[in-house]
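Chains, contacts and geometry: an overview
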Amino acid sequence: MGYDVHRLVEGRDLILGGVKIPYEKGLLGHSDADVIVHAIMDALLGAAALGDIGKHFPDTDPAYKGISSIKLLECVQKLLEENLFIIENIDATIIAQKPKMAPYREEMMENVAKALKIERNQINIKATTEEGLGFTGAGEGISAQAICLLTTVADFPSADVTNMGAGCCQGCKMKQGETEEV
């Protein structure tokens, strides 16, 4: 299970699921503050017992200043691959009073699936409000929750694992705009 929250502020783009959503405020954070991707990353890392996003991508490291969370999600995918984990499915929820997420959900799911090298039907992103209650209901921030199911290739004794784990970006020090060939 993963959880993340960021404060809404003026002067920042609102990025959710790798999609720039037109809105008068954006999320405050060291990276692009994409709460849904952060919750997904924490769910995946936690399920694999690999720590959390703070361990792998600390907000004290200038290499991650302004970086796309989708790029960080690609690093998480490589860590999972290196440790022989297979993503079965992900279910995630954005909690926000505004803006409406329905027009952007499909693109969010496609972005996440592509970054994780999984099929689109293995990821679900939904959204809900808190009926005006709490910090999200008051429009002060947005939070997100995610849950995932992982399998390890050790569960498949006949699996060919000779190519898995090659080329992981140890510590993932990729900067914004950089990609790594696997």
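These remarks concern the structure in this document. Counting restarts for each chain, with residues numbered from 1 along the sequence as it is written. A pLDDT threshold of at least 70 governs which residues receive local features in this predicted model, and a stricter bar of 80 or more applies before side-chain atom pairs are shown or counted, although totals over entire chains, interfaces and linings include all residues. Only hydrogens and water are set aside when side-chain values are computed; all heavy atoms of the structure are taken into account.

**Some details on the sheet that holds strand S7 (residues 141-152)**
For the record, the criterion: Note on pairing: DSSP must find at least two bridges between two strands before they are called paired. Put simply, DSSP marks the helices as runs of H or I at least four residues long and the strands as runs of E at least two long, and each gets a number from the N terminus on.
With mixed pairing, the five strands of this open sheet are ordered in space as S4-S1-S7-S5-S6. Single-partner strands in this sheet number two, and they are strand S4 (26-27) and strand S6 (123-128). Strand direction decides the pairing type here: strand S1 (residues 2-9) and S4, joined by two bridges, are antiparallel. Across the sheet, residue Leu 8 finds its bridge partner in S4, namely Leu 27.

**Remarks on the pattern of salt bridges**
To be explicit about the condition: The working definition used for a salt bridge is a side-chain nitrogen of Lys or Arg within 4 Å of a carboxyl oxygen of Asp or Glu. Here the term buried applies to any residue with accessible area under 20% of the maximum for its type, exposed to any over 50%, and partly exposed to those in between, with areas from a 1.4 Å probe on protein chains only.
All told, the structure shown has three salt bridges when counted by the stated rule. Across the salt bridge formed by Lys 20 and Asp 13, the nearest N and O atoms sit 3.6 Å from each other. Judged by relative accessible area, which is 43%, Asp 13 ranks as partly exposed.

**Side note on the environment of Ile 90**
Condition: Two residues form a contact once any of their heavy atoms are found within 4.5 Å.
Inspection of the secondary structure assignment puts Ile 90 in strand S5 (residues 85-95). Spatially, the C-alpha atom of Ile 90 lies 5.8 Å from that of Ile 147, the residues being 57 residues apart in sequence. For Ile 90, the contacting residues outside a window of four places in its chain are Ile 40, Leu 44, Leu 116, Ile 118, Gln 122, Ile 123, Asn 124, Ile 147 and Cys 148.

**Remarks on the nonpolar core**
To keep things clear, this is the line we draw: Buried Ala, Val, Leu, Ile, Met, Phe, Trp, Tyr and Cys residues form a nonpolar core when they are joined through side-chain atoms within 4.5 Å.
Counting 49 residues, the largest nonpolar core has Leu 16, Ile 40, Leu 44 and Leu 73 as the members making the most contacts within it. Put simply, the parts of the chain that give this core at least two residues each are strand S2 (14-16), strand S3 (19-21), helix H1 (35-47), helix H3 (69-82), S5, helix H4 (105-116), S6 and S7. Apart from the residues within four sequence positions on either side, Leu 16 is in contact with Ile 21, Leu 27, Asp 34, Val 35, Ile 36, Met 101, Met 108 and Ile 142.

**A closer look at the side chain of Thr 136**
In this structure, Thr 136 sits in helix H5 (residues 134-137). For Thr 136, a relative accessible area of 1% translates into the label buried. With near-sequence residues (within four places) excluded, Thr 136 lies in contact with Ile 95, Gln 97, Glu 130, Gly 141, Ile 142 and Ser 143.

**Side note on the pairing of S7**
Judged from the six bridges that link them, S1 and S7 form a sheet pairing that is antiparallel. Bridge pairing in S7 places Tyr 3 opposite Gln 145. One ladder, built from 10 bridges, connects S5 with S7; its direction is antiparallel. Within S7, the residue paired with Asn 89 across the bridge is Leu 149.

**Quick word on H3**
Test applied: What a helix is expected to span follows from its residue count: subtract one and scale by 1.5 Å. Whenever a nitrogen or oxygen atom comes within 3.5 Å of another N or O atom, the pair is scored as a polar contact, on the condition that within protein one atom can donate a hydrogen and the other can accept it, and that pairs from neighbouring residues in sequence are kept only if both atoms are in side chains.
End to end, H3 covers 20 Å across 14 residues, agreeing with the expected 20 Å (1.5 Å per residue, within 8%). Taken across its 14 residues, H3 has 12 buried, putting it largely inside the fold. Three or more residues of H3 are buried, namely Ser 69, Ile 70, Lys 71, Leu 72, Leu 73, Cys 75, Val 76, Gln 77, Lys 78, Leu 79, Leu 80 and Glu 81. Of the surrounding elements, those touching the buried residues of H3 are H1, helix H2 (53-56), S5, H4 and S7. You can read the cap of H3 off the contacts: a side-chain oxygen lies 3.2 Å from the backbone nitrogen of Ile 70, and it is on Ser 68. Phi turns positive one or two residues past the end of H3, at Leu 84, with a value near 65 degrees.

**Observations concerning the packing of H3 against H4**
A packed helix pair is summarised by two numbers, namely the angle formed by the two axes and the spacing between the axes. Worth spelling out the cut-off: Each axis is a line fitted through C-alpha atoms, and for a helix only the stretch in contact is used; angles between axes span 0 to 180 degrees, taken between their N-to-C directions. Oblique is the label for any angle not under 35 degrees, not over 145, and not in the 65 to 115 range, which are roughly parallel, roughly antiparallel and roughly perpendicular in turn. We call a crossing left-handed when the near helix sits turned anticlockwise from the far one by less than a right angle, and right-handed when that turn is clockwise.
Contact geometry for H3 and H4: axes closest at 8 Å, N-to-C directions at 40 degrees. Considered as vectors, H3 and H4 are oriented oblique to each other. Of the two possible hands of crossing, H3 and H4 adopt the one that is right-handed. Here Ile 70, Leu 73, Glu 74 and Gln 77 of H3 come into contact with H4, specifically with Asn 111, Val 112, Ala 115 and Leu 116.

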